[in-house]
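Read off the chains here:
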Amino acid sequence: MADAEEKVKSVDPASLQMIEKAKEQEISTIFDRADKMKACNIGLQGTCCKVCSQGPCRLPLPKGGVQGEDTRMGLCGATPNTIAARNFARMVAAGAAAHSDHGRAVAEVFLAAARGETKDYGIKDTKKLMEVAEDFDIPVTVTEGEEEKPRDPKEVAIELGEKALAEWGKQEGELLFAKRAPKQRHELWKKMGVVPRGIDREIVEIMHRTHMGVDQDYRNIIKQCSRSALADGWGGSMIATELQDIMFGSPVPIHGTINLGVLEEDQVNIIIHGHEPLLSEMIVVAARTPEMLELAESKGAKGINLAGMCCTANEILMRHGMPIAGNYLQQELAIITGAVDAMVVDVQCIMENVANVAKCFHTKVITTNPRARMEEANTVHIEFEEHKALEIAKEIVKAGVENFPNRRADALVPDIKAPMVAGFTYESIEYHLGGSFRGTYFTLNDNIINGRIRGIGGVVGCNNARTAHDSDHLIVVKELLKNDVIVLTTGCNAMACGKAGLLTPEAAKEFCGPGLTEICETVGIPPVLHMGSCVDNSRILMAATGVVKAGGLGNDISDLPVAGAAPEWMSEKAISIGQYFVASGVYTVFGVGLPVTGAPVFQDHLFNGLGQELGGKWDVSEDPYEIARKMIEHIDAKRQALGIDKARERVLFDMEARRQLEAGVA
Ligand code: MSK
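Only a predicted model underlies this, so the values are computations on that prediction, with no experimental measurement involved.

Draft legend 1. Summary view of the overall build of the protein chain. The helix and strand inventory of the protein chain stands at 27 helices and 18 strands. Projected onto the principal axes, the alpha-carbon positions of the protein chain cover approximately 80 × 70 × 55 Å. A buried classification covers 61% of the 666 residues belonging to the protein chain. Residue pairs in contact within the protein chain that sit at least 24 positions apart in sequence constitute 76% of those at least 6 positions apart. Only carbon and sulfur atoms are counted for the fraction: they give 51% of the accessible area of the protein chain, which is about 25,200 Å².

What follows is the structure, given as structure tokens:
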């Protein structure tokens with residue numbers, strides 16, 4: 001496979017070192033498997049139907065495209081549009097379910113904590129508790145005689161927990177956070193009939209409608225996609241973010257370090273990988289107890305080093321400044337360092353192969369969630385239970401510490417890591433770019449209007465083994481920065497940016513156009529604002545809403561000079577996120593490819609039809625430069641529509657800059 005070997009697998013030097021080590025030791029990683037296994041062409045087009053046992057019916061595009069009438073159909077008569085729309089909808093349902101089930105688990109623990117049923121969790125942000133309670137129509141004051149007094153936070157928290165949890169099972173009405181959206185957006189949703197009723201209901205309805213022989217109109221299917229995705233973004237995900245902030249503390253900008261070099265050769269290294277912060281918060285507490293530190297010392301270790309991976313990493317970074325070992329495509333590579341004593345996993349984005357890689361080293365893989373166990377005999381299951389969370393966290397840390405003496409001599413940690421600043425939220429952006437006195441997004445808007453900031457790019461999402469690791473993320477983000485577009489980021493994109501040094505205030509001078517450089521230097525912020533994990537994309541929705549509400553840039557999110565992208569997306573959650581951004585009015589461009597090309601009419605509906613209905617629409621490009629160009633063009637069109645466009649030159653990368661970026665050195 002000479003050809004495959006020449007393909008750039010990553011632009012991250014630490015990852016490349018470990019990919020090389022894996023090759024030398026003949027350990028299979030996703031990077032080799034991506035070379036060996038080609039994707040199914042019909043699946044890629046989205047036109048393989050397997051919703052009944054008469055198929056799978058495969059409807060690839062004919063060579064040269066559809067000429068004349070499209071007569072393709074499955075055994076039941078399902079058209080390519082129906083099939084692709086059903087497949088797409090099921091991705092939305094799975095993604096919305098994953099985020100929302102995370103949110104449900106948080107709401108359950110929140111309620112247990114509020115009721116005093118678990119002593120290990122409490123309320124850390126009372127101010128936010130009261131603010132969120134008000135959005136849930138919960139009274140936060142009581143009248144005593146003539147005096148109005150704040151209500152007991154405990155009482156408010158119980159009521160909030162109950163109301164939040166009820167959002168999953170509601171059958172009618174509207175999700176309570178729907179009215180957080182700009183008024184015009186909320187009205188549009190009502191007019192279109194896409195305001196979510198209850199979180200579970202919308203997801204179940206997608207599964208029903210996409211069952212064999214039910215919804216046979218791709219436009220009607222995609223309408224339910226909007227409703228279900230909105231139940232994720234403005235429901236399950238937003239509730240998760242808000243309740244996590246109240247319980248664990250709202251993030252504020254904080255320093256951190258990222259990349260495989262955060263692993264310490266002389267300490268116990270425990271990687272916490274997955275998504276839900278419920279257990280990882282407790283593991284942070286457990287690892288700092290004298291009992292665990294003494295145990296580590298007795299085993300010959302100089303301490304206990306906790307490092308995160310994937311979105312759990314973002315959660316514990318944002319609130320505790322804990323180091324991040326890497327993003328999605330680095331999970332096998334972290335174990336290949338030989339320095340990981342335990343990898344603790346919960347839900348989502350955990351590759352099954354980590355158990356196989358762990359067999360080649362001493363690493364203990366510990367599953368912790370009843371919804372996500374592993375078959376491999378070398379994994380152990382220590383189940384999280386909120387009523388004895390700290391006790392279980394200690395048991396997990398102990399397992400990692402006791403494994404330290406089993407480490408082999410050939411551990412090799414790449415000496416590569418980068419400093420970064422994370423922890424930006426809707427509220428902290430308001431503070432940094434609006435000012436504590438004004439308490440709005442006024443200054444941000446002002447700088448968008450005067451053109452120093454050309455627009456806002458939300459760049460988020462996964463890594464994908466079909467593209468060079470981190471490369472497309474970085475190209476898109478650097479192109480935007482060069483053109484004065486400030487970037488809000490979450491998930492694995494945030495980690496790619498962190499590794500490349502984009503999450504520091506100093507990055508502004510090196511990477512940004514003059515207007516954005518001036519703002520970042522004046523305010524002292526990085527040009528890329530790390531806003532958290534996948535569920536924290538809800539923070540981006542709230543930031544966009546904050547901009548609308550501050551005034552001067554239209555009345556709806558769809559009026560703003562804003563665009564979204566997921567250059568290296570891979571998970572179903574990304575599709576749900578994309579759909580809720582689109583339904584919220586955001587032009588959203590995905591990289592890698594979307595599984596809709598086999599159904600051109602349905603694709604056109606996503607790429608154009610939705611724009612007319614919702615003001616937001618999908619787009620796709622496998623070229624990251626084109627993704628950035630499309631985003632900037634959209635931003636400029638919005639500036640023009642708002643009458644705030646100025647003659648300004650777009651900065652284009654010359655060939656040398658492109659080559660350097662592709663080589664990962666720019
Ligand atoms: S971890 S969903 S690979 S962003 Fe949230 Fe990264 Fe995508 Fe998982």
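Draft legend 2. Local environment of the sheet that holds strand β15 (residues 528-530). Strand order in the open sheet formed by six strands is β15-β14-β13-β16-β17-β18, with parallel pairing between adjacent strands. Where the open sheet ends on each side, the last strands, each with one partner, are β15 and β18 (618-620). Recorded for the sheet is a direction-independent mean angle of 25° between the axes of neighbouring strands. As judged from the five bridges shared by strand β13 (residues 455-459) and strand β14 (residues 485-489), these two strands associate in the parallel manner. Bridging across to β14, Gly455 finds its partner in Val485.

Draft legend 3. Broad picture of the domain arrangement of the protein chain. Annotation of the protein chain at the domain level lists domain 1 (4-52), domain 2 (80-248), domain 3 (260-406) and domain 4 (424-662). Relative to domain 3, the C-alpha centre of domain 2 lies at a distance of 30 Å. The interface is formed by 17 residues belonging to domain 2 together with 17 residues belonging to domain 3. Both faces considered, domain 2 and domain 3 share a buried interface measuring about 1,400 Å² in area, 55% of it formed by carbon and sulfur atoms. Of all residues in domain 2, the largest losses of buried area upon contact with domain 3 belong to Asp120, Tyr121 and Phe248, amounting jointly to 38% of the total for that side. The interface formed by domain 2 and domain 3 includes two salt bridges.

Draft legend 4. Expanded view of the side chain of Gln331. You can see Gln331 is positioned in helix α14 (residues 331-336). A polar side-chain atom of Gln331 sits 3.0 Å from the main-chain carbonyl oxygen of Tyr328. Discounting residues that sit within four places of it in the chain, Gln331 has contacts with His273, Met309, Met343, Cys349, Ile350, Met351 and Val354.

Draft legend 5. Inspection of the nonpolar core at higher detail. Membership of the largest hydrophobic core comes to 212 residues, with the highest contact counts inside it found for Phe88, Tyr121, Phe602 and Trp618. When residues of this core are assigned to their parent elements, the largest contribution, 15 residues, is made by helix α5 (residues 80-114). Counting five residues, the second-largest nonpolar core is a separate cluster that includes Cys49, Cys57, Ala78 and Ile83.

Draft legend 6. Layout of helix α25 (residues 600-614). Helix length check: α25, at 15 residues, gives a terminal C-alpha distance of 20 Å against a target of 21 Å (1.5 Å per residue), a fit within 8%. Of all the bends found along α25, the most pronounced is centred on Leu606 and spans about 40°. Looking only at α25, the buried set comprises Phe602, His605, Leu606, Phe607, Gly609, Leu610 and Leu614. The elements touched by buried residues of α25 are α5, α8 (183-192), α10 (218-248), α24 (572-583) and β18. Remark: Gly615 follows α25 within two positions and exhibits a positive phi of approximately 80°.

Draft legend 7. How the structure looks around the site of the ligand. By nearness alone, 13 residues border the ligand, and His275, Cys311, Cys349, Cys492 and Cys534 come closest of all. Every element with two or more residues in the shell around the ligand is listed here: α13 (310-320) and α20 (491-499). Counting residues domain by domain, the shell around the ligand receives three or more from each of domain 3 (260-406) and domain 4 (424-662).

Draft legend 8. Spotlight on unusual backbone geometry. Across the junction of Gly55 and Pro56, the peptide omega takes the value 0°, indicating a cis bond. A positive phi angle, close to 120°, is found at Asn259, a residue other than glycine. By secondary structure assignment, the location of Asn259 is in the loop between β5 (254-258) and β6 (268-273). By relative accessible area, which is 2% here, Asn259 ends up buried. Unusually for a residue other than glycine, Asp484 sits at a positive phi of about 65°. Within the secondary structure, Asp484 is located in the loop between α19 (471-482) and β14. Note on Asp484: relative accessible area 3%, which makes it buried.

Draft legend 9. View of the pattern of salt bridges. Counted according to the given criterion, the structure contains 43 salt bridges. Between Asp215 and Arg209 there is a salt bridge, and its shortest N-O distance comes to 3.1 Å. The burial state of Asp215 is the same as that of Arg209; both residues are buried. Between Glu518 and Arg452 there is a salt bridge; the shortest N-O distance is 3.2 Å. With Glu518 in helix α22 (residues 514-523) and Arg452 in the loop between α18 (442-449) and β13, this residue pair connects regions lying 66 residues apart in the sequence. The exposure class assigned to Glu518 is partly exposed, which follows from its relative accessible area of 40%. Each of Lys128, Asp135, Arg180, Glu242, Asp245, Glu315, Arg319, Glu427, Asp536 and Arg539 takes part in one network of salt bridges that share partners.

Draft legend 10. Inspection of the packing of α5 against helix α9 (residues 199-209) at higher detail. In contact at an axis separation of 9 Å, α5 and α9 are set at 155° when each is read in the N-to-C sense. With respect to each other, α5 and α9 are oriented roughly antiparallel. As for the relative orientation of α5 and α9, their crossing is left-handed in sense. Here α5 contributes Ala89, Arg90, Val92, Ala93, Ala96, Ala97, Ser100 and Arg104 to the contact with α9, which in turn contributes Ile199, Asp200, Ile203, Ile206 and Met207. Of the residues assigned to the contact of α5 with α9, the class counts are nine nonpolar, one polar and three charged.

Here is what the cut-offs are and how they apply
Residues numbered from 1 in each chain as written. Predicted model: local features only at pLDDT ≥ 70, side-chain atom pairs only at ≥ 80, totals over all residues. Heavy atoms only, no water. Helix = DSSP H or I, 4+ residues; strand = E, 2+ residues; numbered from the N terminus. Buried < 20%, exposed > 50% of the residue type's maximum accessible area, 1.4 Å probe, protein only. Contact = heavy atoms within 4.5 Å. Areas by Shrake-Rupley, 256 points an atom, 1.4 Å probe, with all protein chains shown as cover. Pairing = 2+ DSSP bridges. Axes fitted to C-alpha atoms, helices over the stretch in contact; angles between N-to-C directions. Domains from an automatic or database assignment. Buried area = accessible area lost by both parts, 1.4 Å probe. Salt bridge = Lys/Arg side-chain N within 4 Å of Asp/Glu carboxyl O. Polar contact = N/O pair within 3.5 Å; in protein donor to acceptor, adjacent residues only side chain to side chain. Core = buried A, V, L, I, M, F, W, Y, C linked by side-chain atoms within 4.5 Å. Expected span 1.5 Å × (residues − 1). Bend = angle between axes of the 7 residues up to and from the residue. Near = heavy atom within 4 Å. Parallel < 35°, antiparallel > 145°, perpendicular 65-115°, else oblique. Left-handed = near helix turned anticlockwise from the far one by under 90°. Nonpolar A, V, L, I, M, F, W, Y, C, P; charged D, E, K, R; others polar.

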